[in-house]
Amino acid sequence: MSDTSIILMIFGVSAVSLLPRMLPVALLSRWEFPQLLQKWLSFVAPAVLGGLAALSILAPKGYIHISPGNLYLWACIPTFFVAIKTRSLFYTLLVGIVTMALLYNFAGI
Amino acid sequence: MIKNEELLIGIKDALPIVLGYLPLGFAFGVLANQVGMTVFQAGLMSLMCFTGAGQYIAIGVMQAGGAIFTIITANLLVNLRYLLFATSMVPHLKNVPPGLATLLSYGLTDETYAVAMTRYQNHEATTAYMTGLNITSHIGWISSSLGGALLGTFISNTDKIGLNFALPAMYICLLVFVVGKRSDALVAGISATLCLLFGFIFPSTMANMSNIIIATVIAATLGVVIDERY
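About the thresholds
Residues numbered from 1 in each chain as written. Chains lettered and ligands numbered in written order. Predicted model: local features only at pLDDT ≥ 70, side-chain atom pairs only at ≥ 80, totals over all residues. Heavy atoms only, no water. Helix = DSSP H or I, 4+ residues; strand = E, 2+ residues; numbered from the N terminus. Buried < 20%, exposed > 50% of the residue type's maximum accessible area, 1.4 Å probe, protein only. Axes fitted to C-alpha atoms, helices over the stretch in contact; angles between N-to-C directions. Parallel < 35°, antiparallel > 145°, perpendicular 65-115°, else oblique. Left-handed = near helix turned anticlockwise from the far one by under 90°. Contact = heavy atoms within 4.5 Å. Buried area = accessible area lost by both parts, 1.4 Å probe. Salt bridge = Lys/Arg side-chain N within 4 Å of Asp/Glu carboxyl O. Polar contact = N/O pair within 3.5 Å; in protein donor to acceptor, adjacent residues only side chain to side chain. Nonpolar A, V, L, I, M, F, W, Y, C, P; charged D, E, K, R; others polar.

Undergrad: I'm lost on unusual backbone geometry in this one. Help?
TA: The bulk of non-glycine residues show a negative phi, and the bulk of peptide bonds are trans. Despite not being glycine, Arg 87 of chain A has its phi angle at roughly 50 degrees, a positive value. By secondary structure assignment, the location of Arg 87 of chain A is in the loop between helix 4 (71–86) and helix 5 (89–107). The class for Arg 87 of chain A is partly exposed, based on a relative accessible area of 47%. Non-glycine residue Phe 50 of chain B carries a positive phi angle of around 50 degrees. Mapped onto the elements, Phe 50 of chain B comes out in the loop between helix 2 (39–48) and helix 3 (52–63). Judged by relative accessible area, Phe 50 of chain B falls into the buried class, the value being 2%.

Undergrad: How do you make sense of the packing of helix 1 (residues 3–28) of chain A against helix 4 (residues 68–79) of chain B when you look at a structure like this?
TA: Any two packed helices are characterised by how steeply their axes cross, that is the angle between the axes, and by the distance between the axes. Packing of helix 1 of chain A against helix 4 of chain B brings their axes to within 9 Å, and their N-to-C directions diverge by 20 degrees. Judged on the interaxial angle alone, helix 4 of chain B and helix 1 of chain A are roughly parallel. Of the two possible hands of crossing, helix 1 of chain A and helix 4 of chain B adopt the one that is right-handed. Across the interface between the two elements, Ser 5, Leu 8, Met 9, Gly 12, Val 13, Val 16, Ser 17, Pro 20 and Arg 21 of chain A from helix 1 of chain A touch Ile 68, Ile 71, Ile 72, Asn 75, Leu 76 and Asn 79 of chain B from helix 4 of chain B.

Undergrad: When you look at the interface of chain B and chain A in this model, what are you seeing that I'm missing?
TA: Interfaces are often described in size by the accessible area the parts lose on coming together. With 87 residues of chain B at the interface, the matching set in chain A holds 69 residues. Here chain B meets chain A over a buried area of about 7,000 Å², counting both sides, of which 80% is carbon and sulfur. Remark: the boundary between chain B and chain A carries one salt bridge. Here chain B and chain A share eleven residue pairs in polar contact (both at pLDDT 80 or more) between them. Here the side of chain B that touches chain A gets twelve residues from one element, more than from any other, and that element is helix 9 (residues 166–178) of chain B. Grouping the amino acids of the side of chain B that touches chain A by side-chain chemistry returns 58 nonpolar, 21 polar and eight charged.

Listed below in structure tokens is the structure:
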């Protein structure tokens, strides 16, 4: 791809990735959401995080990989436990990352 | 003073995100370099697009010799989920001037969304907080991309130091945070199951992440139904 094409591509991708984030905020800021819609929207965050968490653990490389050989599956157990017990993002990340490093280097799977 | 404090909290809340972006941005920089992008172009793309999945797709299509049109269409699909994210955030942004809120939504990603929505459960959204959170995360993304593009050939394996688990660990923790009542937990579980199911039956939805959109719409709707009944 030529330099001009690359720059054109970057501008195009920029437009389609930024508009979906900015337009709703620009257009809906002054709008009072109906109660039922608010309730529906309040479930979006748990749903999105449920989906993201499941995919990042069970499909870490972009395809679904549910087997004992998937280290992410093992690493998520202590991570979940620490998240629930401490409710601290810092400790959760620490335990998650250290567990993963140990598994990767020593589990030999 | 309160403004400064909010800004600092935003920056602090962004640090785990930056940690998670390190390997991802780095990998993007390395791949961009391999596919023939200059360091400047890789940095520019991270500055102007800020879409992890989308930028990886761009690299993949370039590698395969695909067209710009393909890259842009795929990116449109990948980023459609933000329509939903941004809309669900709007009711929380009453104290942020609409113009600024729009501008700051430039930095809305899966990660900043998750962290911000967790905070907005019991704190007001403020311009200073959004600025700290979104801009710090964006700087993390840009600098790790630049780092990858510059030093790509030297460090090849971030798996060894466990960094690849930073984002999954963050999702797990934020999931625990946003689940406040039984119906939230049910919705998260339903969404997770549907996400995997769609991804399994239609693998193409994994690549463009439309499985997350479909699963979220269905699970949130079921959430309303469940909540009305019990």
